[in-house]
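Take a look at the letters that make up each chain.
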Amino acid sequence: MYGKRILLGITGGIAAYKIAFLIRILKKQEAEVKCIMTPASSAFISPLVLSTLSKNDVAIEFWNKETGAWHNHVAYAEWADLFVIAPATMNTIGKMANGLCDNLLLATYFSMKGKTVVAPAMDLDMYKHPAFLRNIDVLSKDGVFVIPAESGELASGLEGEGRMAEPEQIAKFIAEFLETKTKSNGKRICITAGPTQEAIDPVRYISNHSSGKMGFAIAKAALIRGYKVDLISGPSKEILEHPHLNRIDVISAEDMLNEVKKHWHQSSIGVFTAAVADFKPQNTAKNKLKKRDGLGTIELEQNPDILKWASSNKNKAQKVIGFALETNNEEENALLKLEQKNLDLIVLNSTKDEGATFGGEQNKVTIFGKTGKLEAFELQDKFKIAIQLIDIIEGLDA
Ligand code: PMT
């Protein structure tokens, strides 16, 4: 659930207290959590508990009564990968089914583009009532998923069906749901990262300043979005662990190309962030070159262009994304690479931008597609850029 954005909607039932446990489980699994409460639910659990555990402000009304700031229901709906309304009372389910919109939680539900899940909680007679059954049927037809209530002791003292599913069950449902419902749907991305090293002799090489951070950030973002990742990286100190990550360490451009050749056919997307050395020594000395032998000449030859190989060997469905690291005539050079290498996107970064490109946590990029400039990002974390890049790539099919 790493990085998944779960919006919790809490309505006014005694089971609301269990949401504290649900948030803890989701946070432990590294999901991002935000909460919207109905006004009635704050009688059952304090907003302070929810904001402390979720590490986010909790919204109840359409605006913050103290600051006057608007709680934008559309922004919440756009933010969420999944809206989970738990506990969902008979009242809220009835309003959802009948288009009534008298609080922030309902306005958010009606603005959702992603999916909504409800975990009903009520007394057993309500749970069996024809009105509830009618409404839940309407919600199912509207595409809302229902986590059925469980049987057991109810707050009224009665025994029967109507208890909200336990937080562990809800968390399990969310994890399984997100696993299968993302756009990535198990697709693979092939990413190149880091520098390559081209040996001069057993102890010296030609290389550059790439740390691998940009490529690893894209790998992390892709994993969060549910892709399986083949990350082919030159020498880098970056660490990334994930069950869906296949990390392949290489040294030279030749090695990198060989690995790309092995993995490209199974990929839907290729993102080529590696700073591949364009040249390599024609010959690598078997032994360390000695100072006493004086200054020699190192003859260079061109390395294979890995990105060009991938774009020349792609099928119609595969998307190829290149990076352009420029020092001058940035836009012109990037657009030339986009065309010459037959790319779907090119991500331009310039060494002129302070704090960007090599080594640091941040970058400043402009993204071009076949139709021209798509997005120009201010200097920001490479990871944030990576997440937005994945969104843009996914939008290529739309
Ligand atoms: O690793 P970091 O420290 O985080 O730095 C990130 C970065 C600056 C390395 C990254 O953002 C970046 O710009 N990567 C591309 C660097 C580069 O080699 O640019 P280029 O303009 O020379 O190459 C154009 C494209 O062709 C790139 O996608 C490159 O991966 C690819 N290429 C280039 C040469 C070659 N022989 N094979 C290739 O695949």
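Given the structure is predicted, the values throughout are model-derived calculations rather than measurements.

Trainee: Please give an account of the overall build of the chain that cites residues and values.
Mentor: Within the chain, the regular secondary structure consists of 13 helices and 22 strands. Considered along the principal axes of its C-alpha atoms, the chain spans approximately 95 × 40 × 35 Å. Counting all 398 residues of the chain, 48% fall into the buried class. Restricting the contact set of the chain to residue pairs at least 6 apart, pairs at least 24 apart contribute 65%. Only carbon and sulfur atoms are counted for the fraction: they give 50% of the accessible area of the chain, which is about 19800 Å².

Trainee: Explain the sheet that holds strand β6 (residues 145–146) to me, using residue names and the numbers behind them.
Mentor: With parallel pairing, the six strands of this open sheet are ordered in space as β3-β2-β1-β4-β5-β6. Whereas interior strands pair on both sides, the edge strands pair on one side only; in this sheet they are β3 (58–59) and β6. Pairing geometry for strand β2 (residues 32–37) and β3, over two bridges, is parallel. From the neighbouring strand, cysteine 35 faces β3, where its bridge partner is valine 58. Taken strand by strand, helix α2 (residues 47–54) contacts β1 (5–10), β2 and β3, and its axis lies near 165° from that of β2.

Trainee: Before we move on, can you summarise the packing of aromatic side chains with the specific residues and values?
Mentor: Applying the stated rule across the entire model yields five aromatic pairs. Taking 5.9 Å as the distance between ring centres and 20° as the angle between the ring planes, the aromatic pair formed by phenylalanine 173 and phenylalanine 177 counts as stacked. Here the residue phenylalanine 173 and the residue phenylalanine 177 both occupy positions in helix α8 (residues 167–181), the gap between them amounting to four residues, near one helical turn. With relative accessibility at 7%, the residue phenylalanine 177 sits in the buried group. On the numbers, 6.2 Å between centres and 75° between planes, the contact of tryptophan 264 with phenylalanine 272 is edge-to-face. With relative accessibility at 5%, the residue phenylalanine 272 sits in the buried group.

Trainee: Give a detailed account of unusual backbone geometry, specifying residues and quantitative values.
Mentor: The residue after alanine 86, namely proline 87, is reached through a cis peptide bond having omega -10°. Structurally, proline 87 can be placed in strand β4 (residues 82–88). Even without being a glycine, asparagine 329 presents a positive backbone phi close to 40°. Within the element layout of this structure, asparagine 329 appears in the loop between β17 (319–326) and α12 (330–340).

Trainee: Tell me about the sheet that holds β17, residues and numbers included.
Mentor: Judged by pairing direction, the sheet is mixed, and its eight strands sit side by side in the order β13-β12-β9-β14-β17-β18-β20-β21 without closing on themselves. Looking at strand neighbours, the two that pair on one side only are β13 (245–249) and β21 (372–376), the edges of this open sheet. Recorded for the sheet is a direction-independent mean angle of 20° between the axes of neighbouring strands. Along the sheet, helix α9 (residues 213–224) contacts β9 (188–193), β12 (228–233), β13, β14 (269–272) and β17; its crossing angle with β12, the most-contacted strand, is approximately 170°. α12 contacts β17, β18 (345–350), β20 (365–369) and β21 of the sheet and is inclined by roughly 150° relative to β18.

Trainee: Would you mind going over the domain arrangement of the chain in detail, with residue names and values included?
Mentor: What the domain assignment reports for the chain is domain 1 (5–181) and domain 2 (188–394). Distance from the C-alpha centre of domain 1 to the C-alpha centre of domain 2: 43 Å.

Trainee: Quick rundown of the site of the ligand? Include the residues and the values.
Mentor: Around the ligand lies a shell of 27 residues, among which Ser210, Phe272, Ala274, Lys337 and Asn349 are the nearest. Contact between the ligand and lysine 213: an oxygen atom at 3.3 Å from a main-chain N or O atom of the residue. Proline 304 places a main-chain nitrogen or oxygen 2.9 Å from a nitrogen atom of the ligand. Summarising the interface, the protein chains cover 95% of the accessible area of the ligand, which totals 770 Å² for the free molecule.

Trainee: How would you explain the pattern of salt bridges if you had to name every residue and give the values?
Mentor: Applying the stated rule across the entire model yields 20 salt bridges. Residue aspartate 137 is joined to lysine 141 by a salt bridge in which the shortest nitrogen-to-oxygen separation is 3.0 Å. Here aspartate 137 and its partner lysine 141 are both found in helix α7 (residues 130–141), four residues apart, which amounts to about one turn of the helix. The exposed category is assigned to lysine 141, whose relative accessible area is 67%. Of the charged contacts in the structure, one is a salt bridge between lysine 337 and glutamate 326, with a shortest N-O distance of 2.6 Å. Here lysine 337 is found in helix α12, whereas its partner glutamate 326 is found in strand β17, with 11 residues between them in sequence. Classification of lysine 337 as partly exposed rests on a relative accessible area of 27%. Residues participating in the shared-partner salt-bridge network are Lys18, Arg163 and Glu166.

Trainee: A description of a positive patch on the surface should follow, citing residues and the corresponding values.
Mentor: Taken together, Lys288, Lys290, Lys291 and Arg292 make up a surface patch of like positive charges. As for its placement among the helices and strands, lysine 291 is situated in the loop between β15 (279–281) and β16 (300–302). Looking at lysine 291, the relative accessible area reads 81%, which means it is exposed.

Cut-offs applied
Residues numbered from 1 in each chain as written. Predicted model: local features only at pLDDT ≥ 70, side-chain atom pairs only at ≥ 80, totals over all residues. Heavy atoms only, no water. Helix = DSSP H or I, 4+ residues; strand = E, 2+ residues; numbered from the N terminus. Buried < 20%, exposed > 50% of the residue type's maximum accessible area, 1.4 Å probe, protein only. Contact = heavy atoms within 4.5 Å. Areas by Shrake-Rupley, 256 points an atom, 1.4 Å probe, with all protein chains shown as cover. Pairing = 2+ DSSP bridges. Axes fitted to C-alpha atoms, helices over the stretch in contact; angles between N-to-C directions. Phe/Tyr/Trp six-rings, centres within 6.5 Å; stacked < 30°, edge-to-face > 60°. Domains from an automatic or database assignment. Near = heavy atom within 4 Å. Polar contact = N/O pair within 3.5 Å; in protein donor to acceptor, adjacent residues only side chain to side chain. Salt bridge = Lys/Arg side-chain N within 4 Å of Asp/Glu carboxyl O. Patch = residues over 30% accessible without salt bridge, like charges linked within 9 Å, V, L, I, M, F, W, Y side chains within 5 Å. Lys, Arg positive; Asp, Glu negative; His and termini not counted. Charge placed at Lys NZ, Arg CZ, Asp CG, Glu CD.

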